[in-house]
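Fold and geometry: a report
This is what each chain is made of:
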Amino acid sequence: MTFIGVGYLGATYAICYAELGYEVLAVDVDPKRVEDLSAGQMPFHEPGLDELLKRNLAAGRLRFTTSYQEAADFGDVHFICVGTPQRSDGMGADLRYVESAIAPLAPHLTRKALIVGKSTVPVGTAEWVEHLVEKYADPSLGIEVAWSPEFLQEGYAADDVMRPNRIVWAAKTEWATAMLHAAHKGVFDLASTEDREVPVVATDFATAELVKVAANAFLATKISFINAMAEVCEVAGGDVTHLARALGFDPRIGNRFLQSGVGFGGGCLPKDIRAFQARAQELGAGEALRFLHEVDLINLRRRAKVVQLSAELLGRRPGPAGPDLSGARIAVLGATFKSNTDDVRDSPALAVAGMLAEAGADVHVYDPQGADNARRVHPELAYDKSLAEAVTDAELVCVLTDWAEFRNADPVTLGELVRQRKIIDGKNCLDGTAWAAAGWTYRGLGRPAVG
Ligand code: UDX
């Protein structure tokens, strides 16, 4: 099998499917990325993948190339794993990379093959891919298209690929379904050796495409719901972390994705809820997803809240253009959109760091993995090499990604390094009472002030 595109999605799938025993060839237009991966160098941080990459390269089951010709010759099943970012001119998804995956692959195909879409796309894309295949491939070969969305979470990506909680696919013929079965046999076999079952939802193209964006819309809504409750707790004097805990015991609600804080970010949730709204609007169902606009607004308001709280804690008055934080030394702990990744795409932590700097603060960022990526987006910020360095002389510390290193930080030791013991817990991941006991003024989001 081949994987077209070795970004987060494609590289993870290629490596994990080789680990499951498949012969895998992965294609990308970026020669540097292909060279690095071929040499066993991961282009991003994802727990466990380093070792799996090296092991499967050594076993000869995994190769990387820039040649579509080679991919066409090699594969019976081709997974499309290219990115579908937000368009620069609107909220919709940019599908140019999907076309630039099919256009060079299809003309080189010389035998019947299955092209499987994995990228997150607007509903209707699979039909469009069929037309692209008709346009670019030899029609006598009977190349078919199927769709099978992925649900991997960064930080758990290898497990999510090899041990998925469900597989969703859409295929139009028995041949395509049989190919999909064969292409997932490794996943099913692993499950049966571990005494698990992987449910398969076989459906139509439109539903398969919708499942992914619907899942992400639901997760985003759940996070914004609890963050909306945080807003209410802030004015009513409640504690959103207790509220979330109490809600979570109801099995109909569940406790996952109810962590309040600075909101969601990453390469998927923010762009997917916007693309979903744009597509629904095009299809005439815009009203049905109008609530997602609120979900987005609630999410973005949490970032502004951290800036406002910073101003309050530093005793700065809001000016006409927002608070003036000029000269204030602030340590921002965390740049990535969540812990255990080096991904800073649409990261709330980095966005807040940028907003604090914009307001005049002298911002020192520390992130265990994300500094290199963060520097590319916000070169104006200072990036320190250690937690201790970042907090030294700080008048305020903001914890904005819940890395274990921050959760486990000792308030007494840190208290000796800072100029003022003031901390904002943007992930509600610290024990406020313990920090207050060490002399800190602690502020969580949606929680009563402590200290
Ligand atoms: C998400 C989906 O979970 C995954 O199924 C899909 O395939 C891709 O998008 P990912 O972007 O890796 O995965 O991150 P996820 O773990 O879902 O977190 C998204 C954001 O929400 C992060 O910024 C995280 O910090 C935030 N979050 C998550 C909260 O603020 N509160 C929560 O309770 C959970």
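Structure report, in brief. Nothing here was measured: the structure is a model prediction, and the numbers come from that model.

Conventions used here
- Residues numbered from 1 in each chain as written.
- Predicted model: local features only at pLDDT ≥ 70, side-chain atom pairs only at ≥ 80, totals over all residues.
- Heavy atoms only, no water.
- Disulfide = S-S within 2.5 Å.
- Buried < 20%, exposed > 50% of the residue type's maximum accessible area, 1.4 Å probe, protein only.
- Phe/Tyr/Trp six-rings, centres within 6.5 Å; stacked < 30°, edge-to-face > 60°.
- Lys NZ or Arg CZ within 6 Å of the ring centre and 35° of its normal.
- Pairing = 2+ DSSP bridges.
- Helix = DSSP H or I, 4+ residues; strand = E, 2+ residues; numbered from the N terminus.
- Contact = heavy atoms within 4.5 Å.
- Axes fitted to C-alpha atoms, helices over the stretch in contact; angles between N-to-C directions.
- Right-handed = clockwise from strand over helix to strand, strands pointing away.

**Description of the state of the cysteines**
Within this structure, the stated rule accounts for zero disulfides. There is no disulfide at Cys233, and the cysteine sulfur nearest it, in Cys429, is 18 Å away. Lacking any disulfide linkage, Cys268 is separated from the closest cysteine sulfur, that of Cys81, by 13 Å. Residue Cys268 is classed as partly exposed on the basis of its relative accessible area, which comes to 28%.

**Some remarks on the packing of aromatic side chains**
Throughout the structure, instances matching the rule amount to ten aromatic pairs. The interplanar angle of 25 degrees and the centroid separation of 5.6 Å between the aromatic rings of Tyr17 and Tyr22 together place this pair among those described as stacked. The pair Tyr17 / Tyr22 is uniform in exposure class, with both members buried. Ring centres of Trp435 and Trp440 lie 4.9 Å apart, and the angle between their planes is 75 degrees; this geometry places the pair in the edge-to-face category. Side by side, Trp435 and Trp440 carry an identical accessibility label, which is buried. Over the face of the ring belonging to Phe151 we find Arg166, whose NZ or CZ atom lies 3.6 Å from the ring centre.

**Observations concerning the sheet that holds strand β11 (residues 329–333)**
The strand order across the open sheet formed by six strands is β13-β12-β11-β14-β15-β16, and the pairing between neighbours is parallel. In this open sheet, the two strands that pair with only one neighbour each are β13 (382–383) and β16 (441–444). Across four bridges, strand β15 (residues 422–425) lies against β16 in parallel orientation. By the bridge assignment for β16, Lys422 is matched with Thr441. Along the sheet face, helix α12 (residues 290–313) touches β14 (396–399), β15 and β16 and points at about 165 degrees away from the line of β15.

**Concerning the pairing of strand β7 (residues 167–170)**
Burial along β7 is two-sided: Ile167 and Trp169 facing one way and Val168 and Ala170 facing the other are all buried. Where β7 and strand β8 (residues 200–203) come together, four bridges link them in parallel fashion. For Trp169, the partnering residue across the bridge sits in β8 and is Ala202. Between the parallel pair β7 and β8, the chain is carried across by helix α8 (residues 174–193), and the sense of this crossover is right-handed.

These figures come from the coordinates and say nothing about function on their own.
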